[in-house]
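# Tertiary structure, described
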Amino acid sequence: MGKHFSLVAADSFKLGAYRADPSGTAKGGVVVIQEIFGVNHHIRAVCDRLAAEGYAAVAPALFDRQQPNFECGYSPDEIANARKFVANPDWGAMMKDVQAAIDDSQRSGPAAILGFCLGGTLAFLASAKLNGLSAAVGYYGGQIAKNADEKPKVPTQLHFGEKDASIPMSDVDIVKQKRGGDCEIYVYVGAQHGFNCDERGSYDEASAKLAWQRSLAFLQKNLKK
C-alpha cells in the first residue's frame, strides 16, 4: 500500500522513511515511530491502517545513521541484536529525524505522532520539545518516567501494559503523578510489553483493540483542519 522515500533532517542527514497515503484527501498527517526493530512489517502495517482511516502516515527510519535500512523480527536473537541501537542512544539525532518527519507530515494537514516502545518515549519527548504537532500518542515508552518532568505542549495520550516486564507499575505511577493532569494515561490489565503487535507472543488482542480505538478517537478529536 505504501512507498519508501527519503527525508532530510536539519543537519542535512538523509534518512529513509515509509509512507502510506489515504485514497482520498488526508484528514491530517501521522508520524509513526518505530520500536527497536526498525521500520519493519509491523510498523509499515500501522502506517497502512492509519491510511485506511484517512491519515497520511510517515515512519522515519531512525536507525539509518547507524545502519541504513535496518529492520528485523522478534526472535530472541533478533531482539538481542536490535538492542545495540539503544545501548547508547543519540536522542538529539533521533529528534532531528523525527522533526523532519513532522515537517513532511504537516503538508497533509494537522500532524500527530504515534510511537511504540522506543517510539513511545520519542512521541512523548516530541510532544514537549518539537514543533508542528497537534497531538501525541505513546505506547509503552520505557523512558517516559525518566523524562516525566517534561511538559507536553500538545494533547498527549499514553498507553501501558500492567504486566510489562520492562516498565514497572512504579514507573507508570511516576508518569501519572507528574503528568496525570495534562496527559490521558491508560493501563491495560494483564497486558505485556508490545501488546499492540500481532506478530509478537505478547500480543493482547483485547488491549490492542481498545488502545487503537482510543488512539483513533484521540486523533480525530485533535487533528482538525
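Now for a description of the structure that goes with this document. (Residues numbered from 1 in each chain as written. Predicted model: local features only at pLDDT ≥ 70, side-chain atom pairs only at ≥ 80, totals over all residues. Heavy atoms only, no water.)

## As for the packing of aromatic side chains
The description of an aromatic ring pair uses the distance of the two centres, along with the angle that the planes make with each other. Applied cut-off: Pairs were defined over the aromatic rings of Phe, Tyr and Trp, the Trp ring being its six-membered one, requiring ring centres within 6.5 Å. Orientation was assigned from the angle between planes: stacked under 30 degrees, edge-to-face over 60, tilted for the rest. Counting from the N terminus, the helices are the DSSP runs of H or I reaching at least four residues and the strands are the DSSP runs of E reaching at least two. For the exposure calls, accessible area comes from a 1.4 Å probe over protein chains only, and a residue counts as buried if that area is under 20% of its type's maximum, exposed if over 50%, partly exposed in between. Working rule: Lys NZ or Arg CZ, within 6 Å of ring centre, within 35 degrees of ring normal, means a charge sits over the ring.
Under the counting rule described, the total for this entry stands at 10 aromatic pairs. Measuring from centroid to centroid gives 4.3 Å for Phe 63 and Phe 85, while their planes differ by 10°, and the two rings are stacked. Taken together, the residues Phe 63 in the loop between β4 (56-60) and α2 (76-82) and Phe 85 in the loop between α2 and α3 (91-105) connect sequence positions 22 residues apart. Look at Tyr 139 and Phe 195: their rings are 6.2 Å apart centre to centre, the planes differ by 45°, and that puts the pair in the tilted class. Placement of the pair is Tyr 139 in strand β6 (residues 133-139) and Phe 195 in the loop between β8 (183-188) and α6 (205-222), with a sequence separation of 56 residues. Accessibility classification places Tyr 139 together with Phe 195 in one group, the buried group. Each member of the aromatic cluster is reached from another via a ring pair, and the members are Phe 116, Tyr 139, Tyr 140, Tyr 188 and Phe 195. Here the guanidinium or amino end of Arg 19 rests over the ring plane of Phe 5, the centre of that ring lying 6.0 Å away.

## Some points on the sheet that holds strand β7 (residues 156-161)
Strand pairing in a sheet is mediated by backbone hydrogen bonds. Such pairs are either parallel or antiparallel. Threshold: DSSP calls a pair of strands paired once it identifies at least 2 bridges connecting them. Axis geometry follows a simple rule: fit a line to the C-alpha atoms, using only the stretch in contact for helices, then measure angles between N-to-C directions, giving values from 0 to 180 degrees. In what follows, a contact means two residues having at least one pair of non-hydrogen atoms within 4.5 Å.
Strand order across the open sheet formed by 8 strands is β1-β2-β4-β3-β5-β6-β7-β8, with mixed pairing between neighbours. Edge strands, defined here as strands with exactly one partner in the open sheet, are β1 (3-8) and β8. Taken over all neighbouring pairs, the strand axes of this sheet differ in orientation by 20° on average, direction set aside. Here β7 pairs with β8 via 6 bridges, running parallel. Each residue of the ladder has a partner; that of Leu 158, found in β8, is Ile 185. Contacting β1, β2 (14-20), β3 (29-33), β4, β5 (111-116) and β6, α3 runs over the sheet at an angle of about 155° to β3.

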